[in-house]
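What the coordinates show
Listed below are the residues making up each chain.
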Amino acid sequence: MNNHVKYNQSEQDYLETLLTLSKQQAVVHRIDVAKRMNVSQAAVNKAIKLLCEKRYVYEDGKHLYLTESGRVYAEAVFERHCIIREFLLQNGVSVAVAEEDACRMEHLISDETFQMMKNAVANK
């Protein structure tokens, strides 16, 4: 995550959504992203345009794909989310709250705090 120093929660959320959708279905469309994120198609169009400009995403007309750098970035964000959620669950937080808090915390915590959580989850 250090390569993405200028943190952008929206960017990270879109990349994470594209990653999870691409793992669940053969192709990803803009409408899939809009439904999953509960945002408008216009919001998705704007975000995808920016992600394409940064070369995190490419499209073949109808379908959206992560580039290699986009996939690496998305996987890093997703890993943070999963580790934080698991850390919270292991420490007695309810599933719903752990999921919600992990969504927010994944964008904000330092690498040092994340490594502590990752080590704690691995050693439990």
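Each value, and the rule that gives it
Residues numbered from 1 in each chain as written. Predicted model: local features only at pLDDT ≥ 70, side-chain atom pairs only at ≥ 80, totals over all residues. Heavy atoms only, no water. Helix = DSSP H or I, 4+ residues; strand = E, 2+ residues; numbered from the N terminus. Rg over C-alpha atoms; globule rule 2.2 N^0.38 Å. Buried < 20%, exposed > 50% of the residue type's maximum accessible area, 1.4 Å probe, protein only. Contact = heavy atoms within 4.5 Å. Phe/Tyr/Trp six-rings, centres within 6.5 Å; stacked < 30°, edge-to-face > 60°. Lys NZ or Arg CZ within 6 Å of the ring centre and 35° of its normal. Axes fitted to C-alpha atoms, helices over the stretch in contact; angles between N-to-C directions. Parallel < 35°, antiparallel > 145°, perpendicular 65-115°, else oblique. Left-handed = near helix turned anticlockwise from the far one by under 90°. Nonpolar A, V, L, I, M, F, W, Y, C, P; charged D, E, K, R; others polar.

Some thoughts on the overall build of the chain
For the chain, the count of helices and strands is six helices and two strands. When the helices and strands of the chain are listed from N to C terminus, the series reads α-α-α-β-β-α-α-α. Relative to the globule expectation of 14 Å for 124 residues, the C-alpha radius of gyration of the chain, 15 Å, shows essentially globular dimensions. Taken along its principal axes, the extent of the C-alpha atoms in the chain is 45 × 30 × 25 Å. Looking at the chain as a whole, 35% of its 124 residues qualify as buried. At a minimum sequence separation of 6, the contacts of the chain that also span at least 24 residues come to 58%.

Thoughts on the packing of aromatic side chains
Applying the stated criterion across every chain, the model contains two aromatic pairs. Look at Tyr 56 and Tyr 73: their rings are 5.1 Å apart centre to centre, the planes differ by 65°, and that puts the pair in the edge-to-face class. Here the residue Tyr 56 occupies a position in the loop between α3 (41-53) and β1 (57-59), and Tyr 73 occupies one in helix α4 (residues 68-90), the gap between them amounting to 17 residues. The buried category is assigned to Tyr 73, whose relative accessible area is 0%. Relative to Tyr 65, the ring of Tyr 58 has its centre 5.1 Å away and its plane inclined at 20°; by these criteria the two rings are stacked. The ring of Phe 114 has Arg 80 sitting right over it, with the charged end atom 4.8 Å from the ring centre.

What about the packing of helix α1 (residues 9-24) against helix α2 (residues 30-37)?
As a packed pair, α1 and α2 sit with axes 10 Å apart at the nearest point and diverge in direction by 115°. When the interaxial angle is binned, α1 and α2 end up roughly perpendicular. Viewed along their axes, α1 and α2 form a crossing whose handedness is right-handed. In contact with Asp 13, Tyr 14, Thr 17, Leu 18, Thr 20, Leu 21 and Gln 24 of α1, α2 contributes Asp 32, Val 33, Arg 36 and Met 37.

Some words on unusual backbone geometry
The phi torsion at Asn 38 lies on the positive side, around 55°, for a residue other than glycine. Secondary-structure assignment places Asn 38 in the loop between α2 and α3.

Things to note about the packing of α2 against α3
Relative orientation of the contacting elements α2 and α3 amounts to 115°, with a least axis distance of 9 Å. What the angle tells us is that α2 and α3 run roughly perpendicular. Regarding α2 and α3, the two cross each other, and that crossing is right-handed. Where α2 abuts α3, its residues Arg 30, Ile 31, Val 33 and Ala 34 lie against Gln 41, Val 44, Asn 45 and Ile 48. When the residues that make up the contact of α2 with α3 are grouped by side-chain class, the tally is five nonpolar, two polar and one charged.

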